[in-house]
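Coordinate analysis (summary)
Here's the letter readout for the chains.
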Amino acid sequence: EVKIDLVVSPTGAELTAAIPGVDRVFIAGRRLSDVATLLAIAFRRYDYCLDFTRTDRSALLTMLSHARKRITYERANAPAKWRALVYHEFIKDPARSMHTVDHHLAHLTSLGVRNSPHSPALQPPKESRVAPDQILEKAGAPASFHIVHAGSAPVEKVWGVDGGAELGHQFQWRGVVCVRAPGA
């Protein structure tokens, strides 16, 4: 039987209700009161721990998990002396040349999952849709629209003004309302 625990920061806590298959959610912030979360993780025993963020806080949580296999992605600028103490396996994937979802799915290859037929999907509970729907209705938004985020932290992934405008024109030509979200 597979049990999945998810550790998130307080800012991502509201999104966890939309992630199917999660058995338990831990919220780990930077407050003294979060010590209880750290202890709860330390006293559980895990087979695997996938660290998707590779921050100092996530490294601490990964180490506290006592997982038999602790996995994260390779990062060239990380201090080598700490890596072997915290992680057992490093995913080599070109994060800058792939979509974030594909980058995170690369962690699953370490668990033997390859070419899964299932696409990751969020399933927001109905009650979480009320506020956004009210905001959209009040703003006069159409029932169906696409949001395009044309920016990214790595410069090579930024669409630029011309690319974003062309995409907007293509959507408009097909009768789809396009909202452009500001880039990074």
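Notes on the structure follow. (Residues numbered from 1 in each chain as written. Predicted model: local features only at pLDDT ≥ 70, side-chain atom pairs only at ≥ 80, totals over all residues. Heavy atoms only, no water.)

When you go through the chain residue by residue, the secondary structure sums to six helices and seven strands. The secondary structure elements of the chain, listed N-terminal to C-terminal, are β-β-α-β-α-β-α-β-α-α-β-α-β. Looking at the chain residue by residue over its 184 residues, the buried ones come to 24%. For the chain, restricting intrachain contacts to residue pairs at least 6 apart in sequence, the fraction spanning at least 24 positions comes to 38%. Summing over all exposed atoms, the chain offers an accessible surface of approximately 13300 Å²; the carbon and sulfur share of this is 59%. (Helix = DSSP H or I, 4+ residues; strand = E, 2+ residues; numbered from the N terminus. Buried < 20%, exposed > 50% of the residue type's maximum accessible area, 1.4 Å probe, protein only. Contact = heavy atoms within 4.5 Å. Areas by Shrake-Rupley, 256 points an atom, 1.4 Å probe, with all protein chains shown as cover.)

Our focus in this paragraph is helix α2 (residues 56–64). Within the sequence span of α2, burial applies to Ser 58, Ala 59, Leu 61 and Thr 62. Here the buried residues of α2 occupy an arc of 165° about the axis, which is enough to place them on one side. Among the residues trailing α2, His 66 stands out with phi positive, at a value near 55°. (Arc of directions from axis to C-beta.)

Turning next to the environment of Val 25. Assignment of secondary structure puts Val 25 in strand β2 (residues 24–27). Counting along the chain gives 17 residues from Val 25 to Val 8, while the straight-line C-alpha distance between them is 7.5 Å. Residue contacts for Val 25: discarding those within four places in its chain leaves Leu 6, Val 8 and Thr 16.

Attention now goes to a nonpolar patch on the surface. A cluster of nonpolar side chains, namely Leu 32, Val 35, Leu 39 and Phe 43, defines an oily patch on the protein surface of about 460 Å² accessible area. Here Leu 39 shows up in helix α1 (residues 35–43). Residue Leu 39 is classed as partly exposed on the basis of its relative accessible area, which comes to 44%. (Patch = residues over 30% accessible without salt bridge, like charges linked within 9 Å, V, L, I, M, F, W, Y side chains within 5 Å. Salt bridge = Lys/Arg side-chain N within 4 Å of Asp/Glu carboxyl O.)

On to the packing of α1 against α2, then. Closest axis-to-axis distance for the α1/α2 pair is 8 Å, and the angle between their directions is 40°. With respect to α2, the axis of α1 lies oblique. Of α2, the residues touching α1 (which contributes Leu 38, Ile 41 and Ala 42) are Leu 60, Leu 61 and Leu 64. In the contact of α1 with α2, the residues fall into six nonpolar, no polar and no charged. (Axes fitted to C-alpha atoms, helices over the stretch in contact; angles between N-to-C directions. Parallel < 35°, antiparallel > 145°, perpendicular 65-115°, else oblique. Nonpolar A, V, L, I, M, F, W, Y, C, P; charged D, E, K, R; others polar.)

We now examine the sheet that holds strand β3 (residues 48–50). What the three strands build is an open sheet, ordered β3-β4-β5; its pairing is parallel. The two strands at the open ends of the sheet, each matched to only one other strand, are β3 and β5 (89–91). Neighbour-to-neighbour, the strand axes of this sheet turn through a mean angle of 20°, independent of strand direction. (Pairing = 2+ DSSP bridges.)

Next up on the list: unusual backbone geometry. We note that Arg 54 has phi near 55°; this positive angle belongs to a residue other than glycine. Of note, Arg 54 is situated in the loop between β3 and α2. Overall, Arg 54 belongs to the buried group, its relative accessible area being 7%. With a phi close to 55°, His 66 is a non-glycine residue in the positive phi region. Along the polypeptide, His 66 turns up in the loop between α2 and β4 (69–73).

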